[in-house]
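What follows is each chain in one-letter form.
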Amino acid sequence: MDLSVKTRSQTELVDITAEVRRAVAGTGVREGLCLVTVPHTTAGVTINEAADPSVAADILMVLNQMVPWQAGYRHREGNSPAHVKSTLVGVSQTVAIANGDLVLGTWQGIFFCEFDGPRSRQVHVRVLEGRFR
Ligand code: ZN
């Protein structure tokens, strides 16, 4: 199943936990793995605290400080900082499925990471059914 995410800012972390949970529930799989991938070169996906939105804001602030907007980049499209952030964060996450639900910690959420928005984005959710031993 694919999710559509519409971002509203140049850089933004969007909590997609509920949508991923719904996609997993829709498969009927009770035990296995959930693979969340982002088919973009200027976006990412990460798992971190979803309870306090300040955490996502702080992560974004630090990423923006780490990767300056101007640094003599060669890429002519002008969005090299977004490509670099995508590589730092990564474009996939794997979460275990147990009892038909994602195995996440109390405070954890899955975030789509926009680094070159605002745009319409895709998130692929794939489920692999299987038993853990
Ligand atoms: Zn580019």
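Note: the structure precedes this text.
So, how was this worked out
Residues numbered from 1 in each chain as written. Predicted model: local features only at pLDDT ≥ 70, side-chain atom pairs only at ≥ 80, totals over all residues. Heavy atoms only, no water. Axes fitted to C-alpha atoms, helices over the stretch in contact; angles between N-to-C directions. Helix = DSSP H or I, 4+ residues; strand = E, 2+ residues; numbered from the N terminus. Parallel < 35°, antiparallel > 145°, perpendicular 65-115°, else oblique. Left-handed = near helix turned anticlockwise from the far one by under 90°. Contact = heavy atoms within 4.5 Å. Nonpolar A, V, L, I, M, F, W, Y, C, P; charged D, E, K, R; others polar. Donors = N, O, S within 2.8 Å, 3.2 Å for Na, K, Ca; no water. Tetrahedral: all angles 85-135°; square planar, octahedral: opposite > 155°, others 65-115°. Salt bridge = Lys/Arg side-chain N within 4 Å of Asp/Glu carboxyl O. Buried < 20%, exposed > 50% of the residue type's maximum accessible area, 1.4 Å probe, protein only.

**Q** Before we go on, may I ask you to explain the packing of helix α2 (residues 53–66) against helix α3 (residues 80–89) in this structure?
**A** Two quantities define a packed helix pair, namely the angle between the helix axes and the distance between the axes. At a minimum axis distance of 10 Å, the contact between α2 and α3 shows a crossing angle of 125°. By the criterion of interaxial angle, the relationship of α2 to α3 is oblique. Between α2 and α3 the crossing geometry is right-handed. The segment α2 lies against α3, with Leu63, Asn64 and Met66 engaging Lys85, Leu88 and Val89. Across the contact of α2 with α3, the residue classes break down as four nonpolar, one polar and one charged.

**Q** Looking at this structure, how should I read the coordination of the zinc ion?
**A** Only His75 (NE2), Glu77 (OE), Asn79 (OD1) and His83 (NE2) from the protein reach the zinc ion as donors, at distances of 1.9 to 2.2 Å. Coordination at the zinc ion comes from four donor atoms whose angles at the metal span 91 to 152°, giving a geometry best classed as irregular. Spacing between the donor residues of the zinc ion along the chain follows H-x1-E-x1-N-x3-H.

**Q** Got a minute to help me understand the pattern of salt bridges in this structure?
**A** Where side chains of opposite charge bring their charged atoms close, a pairing between them can arise. The tally for this structure, following the rule as stated, stands at six salt bridges. For Arg126, the salt bridge goes to Asp2, with nearest N and O atoms at 3.2 Å. Of this pair, Arg126 sits in strand β8 (residues 120–129) while Asp2 sits in strand β1 (residues 2–6), placing them 124 residues apart in sequence. The salt bridge partner of Arg119 is Asp116, with a shortest N-O separation of 2.6 Å. For Arg119, a relative accessible area of 34% corresponds to the partly exposed category.

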